[in-house]
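So the chains spell out like this:
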Amino acid sequence: MITEDEERRFTKELIHSIEARFPITLDVLNTAVVVCLAGYVIAREKIDKTALRHDFDRELSDWQAGQILKELHYAVIYPHAGKELRAAVEILLEGRIPPSALAVMMEAVIYAEPGAELLGGLVDRLAADYYPKVIKEPVGTPASVNRLCMAVLNPTAGSFYDGVSGVGSTCIAAGRHAGAAGGGLEIFAQEKMPALSALLTVRAYMNGLEPVTARSGDVLCAPAFVRDDRVEQFDYAVMFPPLGASWSSIEWEIAQNHYHRFPYAFACDRSNADWLYVEHLLASLKEERGRGVIGVSTGALFNAGYAPIRRRLVESGRLECVITLPSKILPFTAAPLSLLVLNKAKKKNSAVLMVQADGLFDKDSATRVADQLNDRVIEELVSICESREEKPGISQMVGSGELRQKDCLLLPSRYIQSQTMDTAFGRVSLDFYRMQFWPTLSSRAERIFRGLNISQMAEENEAAADLFAAMKEALGEKVHAVRFTDKLKSHPVCLSTEGGLSMEMEQTLNAMPGRENRFKADVVLELNPDHPVTAKLKEYAVTDKEKLADYAKLLYAEGCLIGGVPIEEPAELCRLITGLMEQ
C-alpha cells in the first residue's frame, strides 16, 4: 500500500527535475499525465517495454519527442483503452513541451518502473497540487471537504453528477466512497476546460472507477447532459462552482439554453451566479429521491437581493441542511464556505437544520483549516445531520415560519449562539448566563477607595454634582453617569464604561440570536473640565435648563462619533445642530 507521503515525495522529485530546467505549464502537466497513464498500462498489462527504450544521452528533437508520444499513445494505451480514454489522451497531447522534459518523464515513469499504484497516486497528486497552481483558478476541492460531502450523502449506488468537476476530485471521491461500501456509481461530469475533462477520464481509469462520462463545456450556457428540453436527472449530485462569479457576460447564452432550470435565479443580480448553480443542481436531481450538496458563498445566504429565491427554496421543502465551515478552508479564498444539502424527497415547508461547524474545529494555527476537517469532525457533523440533533453553539432546527419571519436568511450564525470566541489568547468559552451576574468595577472600586484621600478631580466632580444630575436626566438610560476626567486634552467629551462590559462587547452580544438587547454596558459621559464648552454647561445649569439638555445630547452624540458608536437618533442630532446654527 503506497502512503500519501510516498506519493508526495515521488511527485515532487518528478516536478522538481523538470522545473529545474523548464517552467511547469499546463502542456507539461498534461503530457506527464499521459506518460503516467502509459506507465500504468505497462505495469498492469505487463507489457514488454524494450521497444520503448530510447537514447536520452543526446538531446531529443521535437520530431523524436513526437514519435515517442505516438508510441505511448498508439502502441501502449490505445489497445487497452476505450473510446472515452482514447479521446481524452488526444486532448491532453494537443500541446507541445520541451523534448528534454519528456526525457525526464520517460526516465522517471517508464524506465524506473515505480508501479501502477504509485503512478495512479502521482496523477492524483498532480491534479490536486499542481493543476490549480498552473490554471490559477478554483478547479479543485480539498479532499476533506469532499469526504464530508460523501459522508453526508452516502452515494453507494445509482448515478452521480458534478456539473463543475474541475480536476475531478469530487467525482473520484464519490467513486471511492461507493467502492469502499461495496457498491458502484455511474458517474457523469462536466467541466468548462476540455483538458480537465480529459484529466478526469484518465484519473477515473487509473482509479478503477469506470464508467465515468466526462464532457466539456460551460454548464450554465450549454449543459452536456440533456433529454428533450430538460436537463438529465441523477440520484446524487455535488458541485463546487466558483464562489460569487459574475454571469453578466453570458446572460444571453443562458437565456437561450435555460432548459427550464432558472425559474427564479435568472431575475437575480448578475454579479453572483451562486443561485444559478443551485437551481441547475436542483433541476439535475431525480424527483422524489434525488439528493445533492452544493457550495455557495456566504453572501448568497443573507443578501437581500436573493431573498425571493431563498424563500422559494424554503417553501419547496427541498433544503435539508445548511452547514457553514470556517474561513480559509478553501485554498483560493479566505471566505467561509457554506454547504447547502438539498433533498427532493423532503416535504414542503419543513424545518431546516442549521449547522455552524466552527465550534467543532481545533483551530490549531499550525494546521491548515482543511486538514482540521478530520475524521472526528466529519463523524460529528454526519451524526448531527442524520439525527437532526440540536447541540448548543453548533446546530439548531429552524422552522419554515421562523425562516420567513427573518426574510429567509440562511446563515446558521443568525440562529445559533456561539459558545466560544477566538481571541489573541486562543479560543475561550462563553457562559452567557453567568455573565449577566458579573460584578461591576464600580462596586469593587467603592470598597477600595472608601476612606482614602479624595483627589482634586474627585472634589471637582463633587462640586458639579447638580450639573451632572441635570445632564443625566436629559440623557436618561443612555448613560449610567456623567463626570469630569483628566484624560482629555483638546476634546470636550468622550464615552467610557464601568464594569466588565464594553460598548463594543454589548453590541456583539446583543447581535447574537436569542440575546437581543439583553446586555447593557454602563456608559459614562466624561467631560473635560478645562474645555470652554464646560464653562458654558456650568452657565446653562443655572440660567437655561433646556439649553443644557440640548448640549448634553450634542455632547453624547459627539462622544458616540469619536468612539465609533452608531448614532441612535440621527434626526434628533440634525435638529440640535440646526438649532445651534440658527442662534
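Just so you know, these numbers come straight off a predicted model, no measurement behind them. (Residues numbered from 1 in each chain as written. Predicted model: local features only at pLDDT ≥ 70, side-chain atom pairs only at ≥ 80, totals over all residues. Heavy atoms only, no water.)

Q: Describe the overall build of the protein chain, listing the residues and the values that go with them.
A: Across its full length, the protein chain carries 24 helices and 16 strands. Expressed as a percentage of contacts within the protein chain between residues at least 6 apart in sequence, the contacts between residues at least 24 apart total 75%. Carbon and sulfur atoms form 51% of the exposed surface of the protein chain, whose accessible area is close to 28,400 Å². (Helix = DSSP H or I, 4+ residues; strand = E, 2+ residues; numbered from the N terminus. Contact = heavy atoms within 4.5 Å. Areas by Shrake-Rupley, 256 points an atom, 1.4 Å probe, with all protein chains shown as cover.)

Q: Break down the sheet that holds strand β14 (residues 481-484) for me, with residues and values.
A: The strand order across the open sheet formed by three strands is β14-β16-β15, and the pairing between neighbours is mixed. Every interior strand has two partners, whereas the edge strands, β14 and β15 (493-498), have only one. Across this sheet, the average inter-strand angle for adjacent strands is 30°, counted without regard to direction. One ladder, built from six bridges, connects β15 with strand β16 (residues 522-527); its direction is antiparallel. Among the inter-strand pairings, E498 is bridged to a residue of β16, identified as D522. Each of β15 and β16 touches helix α23 (residues 545-563); the most contacted strand, β15, lies at about 75° to it. (Pairing = 2+ DSSP bridges. Axes fitted to C-alpha atoms, helices over the stretch in contact; angles between N-to-C directions.)

Q: I'd like a rundown of the environment of S169, residues and numbers included.
A: Along the chain, the position of S169 falls in helix α8 (residues 169-180). Separated by 45 residues in the primary sequence, S169 and D124 have C-alpha atoms spaced 8.1 Å apart. In this structure, S169 is in contact with T141, N146 and R203, ignoring residues within four places of it in sequence. A polar atom in the side chain of S169 sits 3.3 Å from the side chain of R203. (Polar contact = N/O pair within 3.5 Å; in protein donor to acceptor, adjacent residues only side chain to side chain.)

Q: Before we move on, can you summarise the side chain of E526 with the specific residues and values?
A: Mapped onto the elements of the fold, E526 is located in strand β16. Engagement of the side chain of E526 in a polar contact is seen with the side chain of K487, the distance being 2.8 Å. For E526, the residues in contact, after removing those within four places along its chain, are R483, T485, K487, L488, P492, V493, C494 and S496.

Q: Got a sec to walk through the sheet that holds strand β8 (residues 319-325)? Specific residues and values, please.
A: Reading across from one edge, β3-β2-β1-β6-β7-β9-β8-β10-β11 is the order of the nine strands in this open sheet, with mixed pairing throughout. Looking at the sheet topology across the chains shown, the edges are occupied by β3 (212-216) and β11 (395-398). Each strand of the sheet is rotated relative to its neighbour by a mean of 15°, with strand direction disregarded. Bridge count for strand β7 (residues 291-296) against strand β9 (residues 337-343) is six bridges, and the pairing is antiparallel. Among the inter-strand pairings, I294 is bridged to a residue of β9, identified as L340. Sitting on the sheet, α8 is in contact with β1 (157-162), β2 (184-191) and β6 (236-239), with an inclination near 180° to β2.

Q: With reference to specific residues and values, describe the pattern of salt bridges.
A: Across all of its chains, the model carries 22 salt bridges by this definition. The residue E84 makes a salt bridge to R215 at a minimum N-O spacing of 3.2 Å. Highlighted residues: E84 in helix α4 (residues 83-92) and R215 in strand β3, separated in sequence by 131 residues. The partly exposed category is assigned to E84, whose relative accessible area is 33%. (Salt bridge = Lys/Arg side-chain N within 4 Å of Asp/Glu carboxyl O. Buried < 20%, exposed > 50% of the residue type's maximum accessible area, 1.4 Å probe, protein only.)

Q: How would you summarise helix α15 (residues 375-387) if you had to cite specific residues and measurements?
A: In this model α15 runs 18 Å from its N-terminal to its C-terminal C-alpha over 13 residues, within 8% of the 18 Å that 1.5 Å per residue would give. Along α15, the residues classified as buried are V377, I378, L381, V382, I384 and C385. Looking straight down α15, one finds that the buried residues subtend no more than 160° of arc, so they occupy a single side. Turned more than 90 degrees away from the buried face of α15 sit E379 and E386, all of them exposed. Looking at the buried residues of α15, the elements they touch are α7 (143-153), β8, β10 (352-356), α14 (369-372) and β11. One or two positions beyond α15, positive phi appears at R388, with a value near 60°. (Expected span 1.5 Å × (residues − 1). Arc of directions from axis to C-beta.)

Q: Give me the nonpolar core: which residues, what numbers.
A: Core analysis: the largest hydrophobic core is formed by 58 residues, its most contacted members being L37, I110 and M206. Listed by contribution, the elements that provide at least two residues to this core are α1 (4-19), α2 (26-45), α3 (62-77), α4, α5 (99-111), α6 (116-135) and α9 (194-206). Per-element tally for this core: the top contributor is α2, with 12 residues. In this structure, M206 is in contact with C36, L37, Y40, L119, G120 and V123, ignoring residues within four places of it in sequence. If you look at the next biggest cluster of nonpolar residues, it comprises 47 residues, including L148, A173, Y236 and C321. (Core = buried A, V, L, I, M, F, W, Y, C linked by side-chain atoms within 4.5 Å.)

Q: Give me the lowdown on unusual backbone geometry, citing residues and values where you can.
A: Phi is positive for Y259, which is not a glycine, with a value near 50°. Despite not being glycine, R388 has its phi angle at roughly 60°, a positive value. If you trace the backbone, R388 turns up in the loop between α15 and β11. Residue R388 is classed as partly exposed on the basis of its relative accessible area, which comes to 24%.

Q: I'd like to hear about α3, residue by residue, with values.
A: Between its terminal C-alpha atoms α3 stretches 21 Å, which fits the 22 Å expected from 16 residues at 1.5 Å a residue. Buried residues of α3: A65, I68, L69, L72, H73, V76 and I77, and no others. Along α3, the residues classed as buried sweep out an arc of 130° about the axis, all on the same side. Seen from the buried face of α3, the exposed residues on the opposite side, beyond 90 degrees, are W63 and A75. In this fold, the buried residues of α3 make contact with α2, α4 and α5.

Q: Any details on the side chain of R125? Residues and values, ideally.
A: Residue placement: R125 occurs in helix α6. Of the residues examined, R125 reaches a relative accessible area of 10% and is grouped as buried. Those residues in contact with R125 that lie beyond four places of it in its chain are E4, E7, R8, T11 and Y130.

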